[in-house]
Amino acid sequence: MTIRVVVADDQELVRSGFAMILDAQDDIEVVAEAGDGAAAVAAVRELAPDVALLDIRMPVLDGIEACRTITAGTTCRTVMLTTFDSDAYVYEALHAGASGFLLKDVRRDDLVHAVRVVAAGDSLLAPSVARRLIEEYTAATARPAAAAGLSAQRLEVLTARERETLLHLGRGLSNAEIAAALVVSEHTVKSHVGNVLAKLGLRDRVQAVICAYETGLIAAGTVGGPEVSPSGE
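Residues numbered from 1 in each chain as written. Predicted model: local features only at pLDDT ≥ 70, side-chain atom pairs only at ≥ 80, totals over all residues. Heavy atoms only, no water.

### Quick word on the overall build of the chain
Point 1. On a plain count of helices and strands, the chain comes out with 11 helices and 6 strands.
Point 2. For the chain, long-range pairs separated by at least 24 residues make up 69% of all intrachain contacts whose partners lie at least 6 apart in sequence.
Point 3. For the chain, the exposed surface amounts to about 10400 Å²; the carbon and sulfur share of it is 52%. (Helix = DSSP H or I, 4+ residues; strand = E, 2+ residues; numbered from the N terminus. Contact = heavy atoms within 4.5 Å. Areas by Shrake-Rupley, 256 points an atom, 1.4 Å probe, with all protein chains shown as cover.)

### A word on the confidence of the model for the chain
Point 1. Scored by pLDDT, the chain comes out at a mean of 81, with 79% of its residues at no less than 70.
Point 2. The model gives residues 141-148 a pLDDT under 50, and that stretch makes 7 contacts with residues more than four places away or in other chains. (pLDDT = per-residue confidence, 0-100.)

### Let's talk about the pairing of strand E2 (residues 28-34)
Point 1. Sheet analysis places strand E1 (residues 3-8) next to E2, joined by 6 bridges and oriented parallel. Among the inter-strand pairings, Val-6 is bridged to a residue of E2, identified as Ala-32.
Point 2. As for the winding sense of the linkage, the β-α-β connection from E1 through helix H1 (residues 12-23) to E2 is right-handed. (Pairing = 2+ DSSP bridges. Right-handed = clockwise from strand over helix to strand, strands pointing away.)

### Points about unusual backbone geometry
Point 1. Of note, Ala-48 is a non-glycine position whose phi angle comes to about 50°, a positive value.
Point 2. Within the secondary structure layout, Ala-48 lies in the loop between helix H2 (37-47) and strand E3 (51-55).
Point 3. Although it is not a glycine, Val-60 sits at a positive phi angle of roughly 70°.
Point 4. Looking at the element boundaries, Val-60 is found in the loop between E3 and helix H3 (63-73).

### Section: H1
The α-helix winds at 3.6 residues per turn, so residues separated by three or four positions along the chain end up facing the same way.
Point 1. The end-to-end C-alpha distance of H1 is 16 Å, a good match for the 16 Å that 12 residues give at a rise of 1.5 Å each.
Point 2. For H1, every residue scored as buried is listed here: Arg-15, Phe-18, Ala-19, Ile-21 and Leu-22. Along the long axis of H1, the arc covered by the buried residues comes to 160°, so they all point the same way. Facing away from the buried side of H1 by over 90 degrees, the exposed positions are Glu-12, Leu-13 and Met-20.
Point 3. Buried-residue contacts for H1 involve E1, E2, E3, strand E4 (77-82) and helix H5 (108-119). (Expected span 1.5 Å × (residues − 1). Buried < 20%, exposed > 50% of the residue type's maximum accessible area, 1.4 Å probe, protein only. Arc of directions from axis to C-beta.)

So this is what it looks like as structure tokens:
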């Protein structure tokens, strides 16, 4: 099955470079290029691709607003591209519905891998982006204790084992690492992850990371585990 992609960036050389890399893959086809967010949204609506690569900063309509529009109105999944390793951009993009976030200096193989991962329904963060999101965001946006308590009530629908799973997801562990930590099979972990996402109304693992912090399950600066797996597996 061919993965159909729209590439949007206001810098023609960057846009063409990404498109060339992706088009060279047997299982990926770039169906359109766009120089601004509005053109990207129009291309997605017309061509119904599987994945849209969106630059954060674009004229007419920026990448975050384009992502929000695409996520709300189509089945296309989005990967954000930026030169800015910034927590604010990461968090805003993820809340807009992005399934992945990569820096523009991403290696060729990692770019291709990201498109395949997101097209398959998983999520992806560049390790440096994941680390900054996990360790710094909540410290910079501390909520009153009462608000945190109300958020924590969301977790009451989870079993004890599902809470443990969410804790490990928030720390960035892969399924294999969670399985080792819980002393269960990877198949069992996949079931737990699916239950966590379904019960909490989360789209993917990226939203699970955010949820773990917003509900206070994990406190900022306490992460001692590995970074979020680029594969999302």
